[in-house]
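Coordinates in review
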Amino acid sequence: MKYVDEFRDPQKAQGLLKDIHRLSQAVIDRRAASQKEQPIKLMEVCGGHTHAIFKYGLEAILPDAIELIHGPGCPVCVMPKGRLDDAIAIAEHPDVIFTTFGDAMRVPGSQKSLLQARAEGADIRMVYSPLDALQIARETPEKSVVFFAIGFETTAPSTALTVLQAAAERVENFSLFANHVLVIPALLALLQNPDLQLDGFLAPGHVSTVIGTVPYQFIADQYHKPVVVSGFEPLDILQSIWMALRQLATGRRQVENQYSRLAQPAGNPVGLKAINQVFEVRPEFAWRGLGMIPQSGLKLRADYARFDAELQFSLPNLTVPDHRACQCGEILKGALKPWQCKVFGTACRPETPIGACMVSSEGACAAYYRYGRHSAATQVPVAPGRQ
Amino acid sequence: MTTQHPLFQTLQQSRRRGQLQDAAVALAHGSGGKAMRDLIDDIFVASFDNPVLAQLEDQASLSLAALTAQGDRLALTTDSYVVDPLFFPGGDIGELAVNGTVNDLAVSGAKPLYLTCSVILEEGLSMETLRRVAISMKTAAIAASVNIVTGDTKVVERGSADKLFINTAGIGVIRQGVEMSAHNLQAGDCVLVNGALGNHGAAILIARGELALSTSLESDSQPLNGLVEAILAVCPQIRAMRDATRGGLAAVVNEFALASAVGVRLYESSIPIQEEVKGVCEILGLDPLYLANEGKLVVVAPRSQADLVLSAMKSHPMGSEASMIGEVTSAPSGVVTLQTAFGAERVIDLLVGEQFPRIC
Amino acid sequence: MCLGVPGQIVEITDTTRQLAIVEISGVRRPVNIACIVDEDHPPEACVGDWVLVHVGFALNRLDEQEAQKTLALFDQLAAYEIR
């Protein structure tokens, strides 16, 4: 068992796919006559799912009745411009080595990206792990090494454990610019929106590895929507869709766990403990495309204030509003498809992204941009917004 | 301070050669004086060892008759090599500087013959490093059957360049009847590649050491002129050929599709990629189709000849893992698609910039 | 979000800092194993375990039985279709 190729075998998908077709018809059959034309809208919350769906071309092999809505689970996509401007301001400090995951390099702030700041002379280094940033701090005591901590609950334990390691070794020149965000408050914000048109959720498997499957229960109980915690291989995603359809076809509304080989109901106790020890929840945090969401971000606790770059550097700390023409919010809620946005493919393109969904290759618009180009080229009819 | 003196300036053959004593490159080695002459003599002339270079003229003089006897057009190319690190598993900057330029000539259908070698040295570079690189260039030149016939040396102050940059230009002769161009693709043609993709890009990423990954992966740096000859021998009507360097397979195939205003459909399951390259890509979130290669050739052949070409490639040591990886379609124009193992198609676009490791 | 890759622990390199070497498709990388170590699983007992690697940390242990169950379901569905 290698836990990868086994879950990428197209032969094994055939039975699943046939049953997905049968079940989607069964779901439609249950609906009132006026609703039968509506697609079954399932949101894959995580950008990793979006990536896999496009990489393997899963949308093309699903029944037409199923529409996948690509959710807000891409941490660089949802990072507001103001926070990125703050990151760049820290990075441009002459005594700073600014370390970041590659994902954040090209994300545009209001003036420039980290990549442009590096070209202008800032010492910005890409790292694979926060531990690599800590290692740079050990090796260059004369510099202040700042780690750009981004990501959801999956990444937060790694950052927290790195801070604990730095504290234990008394590494004085290491700090975090903390931008970790939380999935559950974002889902709650989506669910509270009256425009939301979703039939069910594929929940992020790797976040669930840390937080467990229990925190999604309110979605089934209070909002009456199926939730399936899903892995990231193509067969995982197909099976999760199949499980969500089975719930919809029989009227069940539960949290189910497709990713049982990795995610447990209670999550990872060591990871959760590290998060709670090092971080506390911010009263609110801004999300690009979704606005301010209560209790949705993490900051360092007072005990670890000496590792908090936000306290060490004076930051512009400005709120930069989302672009007026941008409709990412509607896309993230499933109310619009990417190509229905006014600026999609014209002013907003992967080279010059305006909105959250075009920023990273994980973003729904960036993924569709390529698909859209293909559709136009092959004369496949595209949605009204583009005609 | 840098000088503009020509490198291989005229010297009397009879003059006694100097022995290089210094352990590191100094500004004097680019100043046009005795130090420079000693460096050129002791490192480049001694390593490259051929009669044209040994003349130590400002230019190589080549027999026109010998060139025209081999074909009816001259191919001329130039490329600069700035790879970091200078030495990596499977090769070094010197080998790359020879193979890269040889391959740029070869994919036009030319027989590569003569190379130039210009170096920009950072003050302080170890002489031992320079000597290793020069010897490596000579070894690669022998393997590719080319001669390095003229060159230039500049030394810049510490910090003005990163250790060592090399530019090589090359000329070769294109034989009669060979007409390859990115504009020639026609619907129905087949796309072939001579082996596993992404090894060089992955090996260099790992060799930089910042990602703390270790593998047994090596760069695929190799000269392709022998393989190209073998292919053209069985099929002179090859439509187009290009080595898949920066931007990888994706860049080359996109250039073909755009230039010929055709579509190209690739088959994911036919594209050879080694297990470890897949592993590096999984870990760092990279797409192997965009990773650089230094010894991989993308060939477009008419369908009727494709099997013949494939077997010719497979029977050559530099194409033993060759594979038929796609076909040319009439539409969509200028678009490359990949048929996934799940039977769906996705677009393989040009990248906006280079790929960065990602965590999400 | 959250690229995670399954890999197998092949060596424990530092029990104090809880570092191990993980192999992923023939590629080796040091990772921190703090999240998968507890009383039942001291570091030295982790060699051979399959874990999910994310940003240089082993986030959780993979459960082979559960993985087999998932795979068996695909076969059942395929068999059901043939019947």
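Remember, it's a predicted structure, so these values are computed and weren't measured experimentally.

This paragraph deals with the interface of chain A and chain B. Each side of the interface is counted separately: chain A has 34 residues, and chain B has 26 residues. Overall, the association of chain A and chain B removes approximately 2800 Å² of surface from exposure, summing both partners, and the carbon and sulfur fraction of that is 62%. In this structure, the connection of chain A to chain B is made through 1 salt bridge. As a salt-bridge pair, E282 of chain B and R8 of chain A come within 2.8 Å of each other at their nearest N and O atoms. Along the contact surface separating chain A from chain B lie 7 residue pairs in polar contact (both at pLDDT 80 or more). Going through the elements one at a time, α1 (10–29), α2 (47–56), α3 (58–61), α11 (234–250) and α16 (364–377) of chain A are the ones with two or more residues in the side of chain A that touches chain B. Tallied by class, the residues present in the side of chain A that touches chain B amount to 18 nonpolar, 6 polar and 10 charged.

As a measure of interface size, the accessible area lost when the parts come together is often cited. Residue and element names in this part refer to chain B. In terms of domains, chain B is made up of domain 1 (27–174) and domain 2 (182–347). Between the C-alpha centres of domain 1 and domain 2 there is a distance of 28 Å. With 20 residues of domain 1 at the contact, the number on the domain 2 side is 22 residues. Carbon and sulfur atoms supply 58% of the area that domain 1 and domain 2 bury against each other, a total of about 1600 Å² over both sides. When the buried surface of domain 1 facing domain 2 is broken down by residue, P89, N103 and V107 rank first, second and third, together holding 31% of it. Put simply, domain 1 and domain 2 have 0 salt bridges between them. The interface formed by domain 1 and domain 2 includes 8 residue pairs in polar contact (both at pLDDT 80 or more). Mapped by element, the contributors of at least two residues to the side of domain 1 that touches domain 2 are α4 (93–106) and β4 (110–122). Of the residues in the side of domain 1 that touches domain 2, the class split is 11 nonpolar, 5 polar and 4 charged.

Attention shifts here to the pattern of salt bridges. Residue and element names in this part refer to chain B. As enumerated under the stated definition, the model contains 37 salt bridges over all chains in all. Across the pair R131 and D42 runs a salt bridge whose closest N-O atoms are separated by 3.4 Å. Here D42 lies in helix α1 (residues 34–48) and R131 lies in helix α5 (residues 127–143), a separation of 89 residues in the sequence. Classification of R131 as partly exposed rests on a relative accessible area of 25%. The exposure class of D42 is buried, given its relative accessible area of 14%.

What counts, and at which threshold
- Residues numbered from 1 in each chain as written.
- Chains lettered and ligands numbered in written order.
- Predicted model: local features only at pLDDT ≥ 70, side-chain atom pairs only at ≥ 80, totals over all residues.
- Heavy atoms only, no water.
- Contact = heavy atoms within 4.5 Å.
- Buried area = accessible area lost by both parts, 1.4 Å probe.
- Salt bridge = Lys/Arg side-chain N within 4 Å of Asp/Glu carboxyl O.
- Polar contact = N/O pair within 3.5 Å; in protein donor to acceptor, adjacent residues only side chain to side chain.
- Helix = DSSP H or I, 4+ residues; strand = E, 2+ residues; numbered from the N terminus.
- Nonpolar A, V, L, I, M, F, W, Y, C, P; charged D, E, K, R; others polar.
- Domains from an automatic or database assignment.
- Buried < 20%, exposed > 50% of the residue type's maximum accessible area, 1.4 Å probe, protein only.

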